[in-house]
Amino acid sequence: MGGATHTVLADLSLTIAAGEFAAIMGPSGSGKSTLLHILGLLDRPTSGSYRFAGRETATLSDDDLSGLRNQAIGFVFQSFYLVPYATALDNVLLPGLYSNTPKGALTRRAMELLDKVGLAAQAGHKPSQLSGGQQQRVALARALVNDPDLILADEPTGQLDSTTSAEIMELLAVINRDAGKTVIVVTHDDATAAYARRQILVHDGRVAQA
Ligand SMILES: Nc1ncnc2c1ncn2[C@@H]1O[C@H](COP(=O)(O)OP(=O)(O)OP(=O)(O)O)[C@@H](O)[C@H]1O
Ligand SMILES: [Mg+2]
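Residues numbered from 1 in each chain as written. Chains lettered and ligands numbered in written order. Predicted model: local features only at pLDDT ≥ 70, side-chain atom pairs only at ≥ 80, totals over all residues.

### Describing the sheet that holds strand β8 (residues 206–209)
Stage number 1. Strand order in the open sheet formed by six strands is β4-β5-β6-β1-β7-β8, with mixed pairing between adjacent strands. Where the open sheet ends on each side, the last strands, each with one partner, are β4 (73–77) and β8. Strand after strand, the sheet turns through a mean of 25° between neighbouring axes, direction not considered. (Pairing = 2+ DSSP bridges. Helix = DSSP H or I, 4+ residues; strand = E, 2+ residues; numbered from the N terminus. Axes fitted to C-alpha atoms, helices over the stretch in contact; angles between N-to-C directions.)

What follows is the structure in structure tokens.
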């Protein structure tokens, strides 16, 4: 019952347009992940308004939010979060199982995505048989399986060396440029942020520069 409250984000105003490629930067504890969770409909702001694709989210039920999240947003995290006992292919399929797409079509789509990230040959491998960069590619393919409009990535290169980081960011750039998806990446790393066309600086829970 810890009663103390702590304000993480305040007076924060931000608009990100469809099709943008933005990096959110800022010191540790400044509220970047909190902001990304709100953008991704994983958390609700305690006050204020968040409009997603023109819809005010405050009036949506938790079920509406999870439906919208599953269908419209793909997530990538620093620690990949792959299911360890499932193959790369099954990991990519997973978010698609909640949609109405028939299994055959879904499997074809998952294989296409694995091919796009250069891992068609590793479709049957478990995460433990893949390098960190390969695991993050699987996570990217998984984020795309429901053909979302928005990709959110929290420190996607945080566990990768610079060469592998560049490969992941190139893939995100292609997803933004060729597929027209909105991409928002939280990062500490200037080289990672340089792939984005817009840098948003968060400081003490506020947008210091956008
Ligand atoms: N679940 C939680 N309960 C309480 N406080 C939290 C929780 N999650 C985050 N915080 C606090 O909110 C603030 C912002 O955290 P957040 O994780 O958004 O920062 P961040 O900018 O992503 O940091 P980092 O760069 O270290 O990942 C910090 O002060 C943190 O301690
Ligand atoms: Mg964080």
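### Some details on the pairing of β8
Stage number 1. Here strand β7 (residues 198–203) pairs with β8 via three bridges, running antiparallel. Counted as the bridge partner of Val202 is Val207 from β8.

### Observations concerning unusual backbone geometry
Stage number 1. Phi angles above zero are rare outside glycine, and Leu41 is one such case at about 65°.
Stage number 2. Structurally, the position occupied by Leu41 is in the loop between α1 (32–39) and β2 (51–52).
Stage number 3. Since 23 C-beta atoms lie within 10 Å of it, Leu41 is described here as buried.
Stage number 4. At Ala53, a position not held by glycine, the phi torsion is positive, near 50°.
Stage number 5. Along the chain, the position of Ala53 falls in the loop between β2 and β3 (55–56). (Buried ≥ 20, exposed ≤ 12 C-beta atoms within 10 Å, placed from the backbone.)

### Some details on the nonpolar core
Stage number 1. Counting residues in hydrophobic clusters, the biggest one holds 51 residues, and the most contacted among them are Ile24, Val92, Leu114, Ala141, Ile151, Leu152 and Leu172.
Stage number 2. If one sorts the elements of this core by residue count, helix α5 (residues 132–144) sits on top with six residues.
Stage number 3. Once you skip the residues sitting within four places of it in the chain, Ile151 turns out to touch Gly74, Val76, Ala143, Leu172, Ile175, Lys181 and Val183. (Core = buried A, V, L, I, M, F, W, Y, C linked by C-beta atoms within 7 Å. Contact = placed C-beta atoms within 7 Å.)

### As for the pairing of strand β6 (residues 182–186)
Stage number 1. With respect to burial, β6 is a largely interior element, five of its five residues being buried.
Stage number 2. By the alternation rule, side chains of β6 split into Thr182, Ile184 and Val186 and Val183 and Val185, which are all buried.
Stage number 3. Alignment of strand β1 (residues 21–25) against β6, held across four bridges, turns out to be parallel. Looking across to β6, one finds that Ala22 is bridged to Ile184.
Stage number 4. Across five bridges, strand β5 (residues 150–154) lies against β6 in parallel orientation.

### Let's talk about the site of ligand 1
Stage number 1. By nearness alone, every residue bordering ligand 1 is listed as His6, Val8, Gly26, Ser28, Gly29, Ser30, Gly31, Lys32, Ser33 and Thr34.
Stage number 2. The residue makeup of the shell around ligand 1, split by class, is one nonpolar, eight polar and one charged. (Near = placed C-beta within 6 Å. Nonpolar A, V, L, I, M, F, W, Y, C, P; charged D, E, K, R; others polar.)

### Structural notes on α1
Stage number 1. Every buried residue belonging to α1 is among Lys32, Leu35, Leu36, Ile38 and Leu39, and all of these are buried. Across the axial projection of α1, the buried residues extend over an arc of 160°, all falling on one side.
Stage number 2. For α1, the elements touching its buried residues are β1, β5, β6 and β7.
Stage number 3. Two residues or fewer after α1 comes Leu41, characterised by a positive phi angle close to 65°. (Arc of directions from axis to C-beta.)

### Digging into the packing of α5 against helix α6 (residues 162–179)
Stage number 1. Where α5 meets α6, the closest approach of the two axes is 9 Å, and the angle between their N-to-C directions is 15°. Comparing the axis directions of α5 and α6 gives the class roughly parallel. Our pair here, α5 against α6, has a crossing hand that is right-handed. Touching Gly132, Gly133, Gln136, Leu140 and Leu144 of α5 are Thr164, Glu167, Ile168, Leu171 and Ile175, all from α6. (Parallel < 35°, antiparallel > 145°, perpendicular 65-115°, else oblique. Left-handed = near helix turned anticlockwise from the far one by under 90°.)

### Brief notes about the environment of Ala88
Stage number 1. Note on placement: Ala88 falls in helix α3 (residues 88–93).
Stage number 2. Each C-alpha atom of the pair Ala88 and Gln122 lies 7.1 Å from the other, and the pair is 34 residues apart in sequence.
Stage number 3. Leave out the neighbours within four places in its chain, and Ala88 touches Leu114, Leu119, Gln122, Ala123, His125, Leu130 and Val138.

### Looking at the environment of Gln129
Stage number 1. Relative to the helices and strands, Gln129 resides in the loop between α4 (103–116) and α5.
Stage number 2. Under the C-beta neighbour-count criterion, Gln129 is labelled exposed, with 12 such atoms within 10 Å.
Stage number 3. Along the chain, Gln129 and Leu171 lie 42 residues apart, while their C-alpha atoms are 21 Å from each other.

Nothing here speaks to function; it is geometry throughout.
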